[in-house]
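# Structural overview for review
Residue strings, one per chain:
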Amino acid sequence: MILDSEQTAARTWFESLRDRICAEFVAIEREAGSDADFAYIPWDRTDPSGLPGGGGVRGVMKGQVFEKVGVNVSTVGGTLEGEFAKSINGAGDDPKFFATGISLVAHMANPQVPAVHMNCRFLATTKRWFGGGADLNPPLPRDEDTADFHATLKAACDAHDVGDYPRFSTWADDYFYIPHRQVHRGVGGIFYDHLEDDFAGNFAFTQAVGRAFLDTYPRIVRRRMNEAFDKADIAAMHAWRGRYAEFNLVYDRGTLFGLKTGGNIDAILMSLPPVATWE
């Protein structure tokens, strides 16, 4: 798959962000006395036409602090099929597409530590755009952590003309909502999509979102990872994880995009928690 300069720049950044995040998460495991590390598994995608369609690398770590964390970077392209193409920005008349991005989900061993999701992506059809965001998903919410997470993301937004924090924060609240449960998946963050027509400005903002995540989330983990918890806390976390799984399997657009475009099943479903309950 031949990439142009914009596609190459986006892919290279997402891969470098992956490396920095994984190194920080491993450092946290070392601070806890754990020797856990990421296992990296490459995968290839074949387009429905039979031609090579790119691929990616799935990184997974199961440790003392991070019960399960997955970091997936993929760069894929080819042809979108059928009615699904019409649902993708700019692909209605020409179903060819390119997508590169990073997707991360962390489920924590200590229920005092919030789970988290982060995703940044660049897509090209007849249009080109960035999307992404990050949201905090604590089984046991703490006001200090919620405020820290939102303040850091707001600062990233405020530093860029395209970064509309009030809009993106509301977008996250609306998107990460489970209608059949009438609850939000977590305490929010930001979500944005279809930032087009200014590659440099939109790319700079997306990079700022990635750096903001790397700034705030490890700080929150270190703040909570040694706090005490009991069986009731674990039970609450497992029940909350059930809601998380419901959202990702029923409503999440990223899950659907991965399945519809022939992505790696293990990478697509890495967001699912290792243990969950439905009482």
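Scroll up to find the structure.
In short, a report on the structure. None of the values given here were measured: they were computed from a predicted structure.

To continue, consider the overall build of the chain. On a plain count of helices and strands, the chain comes out with eight helices and nine strands. On C-alpha atoms alone, the chain measures out to a radius of gyration of 18 Å, which is about the 19 Å that the 2.2 N^0.38 rule sets for 279 residues. Considered along the principal axes of its C-alpha atoms, the chain spans approximately 55 × 40 × 40 Å. When contacts within the chain are restricted to residue pairs at least 6 apart in sequence, those whose partners lie at least 24 apart make up 68%. Within the structure as shown, the chain displays about 12,200 Å² of accessible surface, and the carbon and sulfur contribution to it stands at 52%. Distance between charge centroids for the chain: 2 Å, based on 28 positive and 38 negative side chains.

Counting buried positions over the 14 residues of strand β3 (residues 66-79) gives 11, a clear majority of the element. With 13 bridges connecting them, β3 and strand β4 (residues 96-108) associate as antiparallel partners. Paired with phenylalanine 66 across the strands is methionine 108, a residue of β4.

Quick look at the packing of helix α1 (residues 5-31) against helix α5 (residues 199-224) now. Where α1 meets α5, the closest approach of the two axes is 11 Å, and the angle between their N-to-C directions is 5°. It follows that α1 is roughly parallel to α5 by the angle criterion. For the contact of α1 with α5, a count of residues per class yields 16 nonpolar, three polar and six charged.

Right, let's talk about the packing of aromatic side chains for a bit. A ring pair, where both rings are aromatic, is described by two values, the distance of the centres and the angle of the planes. Scanning all chains against the criterion turns up 24 aromatic pairs. Their ring planes at 85° and their centres at 4.8 Å tell us that tyrosine 175 and phenylalanine 176 sit as a pair that is edge-to-face. Residues tyrosine 175 and phenylalanine 176 agree in their burial class; the two are buried.

Time to look at the nonpolar core. Of all hydrophobic cores here, the largest spans 52 residues; its most connected members are Ile21, Phe25, Phe66, Ile102, Met118, Phe213 and Tyr217. When residues of this core are assigned to their parent elements, the largest contribution, 10 residues, is made by α5. Setting aside anything within four residues of it in sequence, one finds methionine 118 in contact with Leu17, Ile21, Ile102, Ser103, Leu104, Gly133, Ala134 and Phe213. In terms of nonpolar packing, the next biggest core, distinct from the first, is built from 13 residues, Leu80, Ile88, Ala91 and Phe97 among them.

This brings us to the layout of surface pockets. What the largest pocket holds in volume is close to 940 Å³. Considering the residues around the largest pocket, the lining is formed by 47 residues, among which Arg121, Arg253, Gly254, Thr255 and Phe257 are closest to the centre. Sorting the residues of the lining of the largest pocket by element identifies β1 (39-46), β3, β4, β5 (115-124), β6 (128-137), β9 (188-196), α7 (253-260) and α8 (265-268) as the ones contributing at least two each. Considered class by class, the residues forming the lining of the largest pocket number 20 nonpolar, 20 polar and seven charged.

Right, let's get into α7. Every buried residue belonging to α7 is among Thr255, Phe257 and Gly258, and all of these are buried. Angular distribution of buried residues about the axis of α7 spans 165°; they occupy a single face of the element. Where α7 is buried, its residues touch α2 (82-86), β4, β5, α6 (231-250) and α8. Between a side-chain oxygen at the N-terminus of α7 and the backbone nitrogen of glycine 254 the separation is 3.2 Å; the capping residue is aspartate 252.

Counted according to the given criterion, the structure contains zero disulfides. In this structure cysteine 22 is not part of a disulfide, and its nearest cysteine sulfur, from cysteine 120, lies 14 Å away. Taking relative accessible area as the criterion, cysteine 22 reaches 2% and is therefore assigned buried. Here cysteine 120 is not disulfide-linked; the sulfur of cysteine 157 is the nearest cysteine sulfur, at 11 Å. The class for cysteine 120 is buried, based on a relative accessible area of 0%.

Cut-offs and rules
Residues numbered from 1 in each chain as written. Predicted model: local features only at pLDDT ≥ 70, side-chain atom pairs only at ≥ 80, totals over all residues. Heavy atoms only, no water. Helix = DSSP H or I, 4+ residues; strand = E, 2+ residues; numbered from the N terminus. Rg over C-alpha atoms; globule rule 2.2 N^0.38 Å. Contact = heavy atoms within 4.5 Å. Areas by Shrake-Rupley, 256 points an atom, 1.4 Å probe, with all protein chains shown as cover. Lys, Arg positive; Asp, Glu negative; His and termini not counted. Charge placed at Lys NZ, Arg CZ, Asp CG, Glu CD. Buried < 20%, exposed > 50% of the residue type's maximum accessible area, 1.4 Å probe, protein only. Pairing = 2+ DSSP bridges. Axes fitted to C-alpha atoms, helices over the stretch in contact; angles between N-to-C directions. Parallel < 35°, antiparallel > 145°, perpendicular 65-115°, else oblique. Nonpolar A, V, L, I, M, F, W, Y, C, P; charged D, E, K, R; others polar. Phe/Tyr/Trp six-rings, centres within 6.5 Å; stacked < 30°, edge-to-face > 60°. Core = buried A, V, L, I, M, F, W, Y, C linked by side-chain atoms within 4.5 Å. 1 Å grid on protein atoms, 1.4 Å probe; cavity = no way out; pocket = protein on both sides within 12 Å on 5 of 7 lines; lining within 4 Å. Points joined across faces, edges and corners; volume = space filled by probe spheres on them. Arc of directions from axis to C-beta. Polar contact = N/O pair within 3.5 Å; in protein donor to acceptor, adjacent residues only side chain to side chain. Disulfide = S-S within 2.5 Å.

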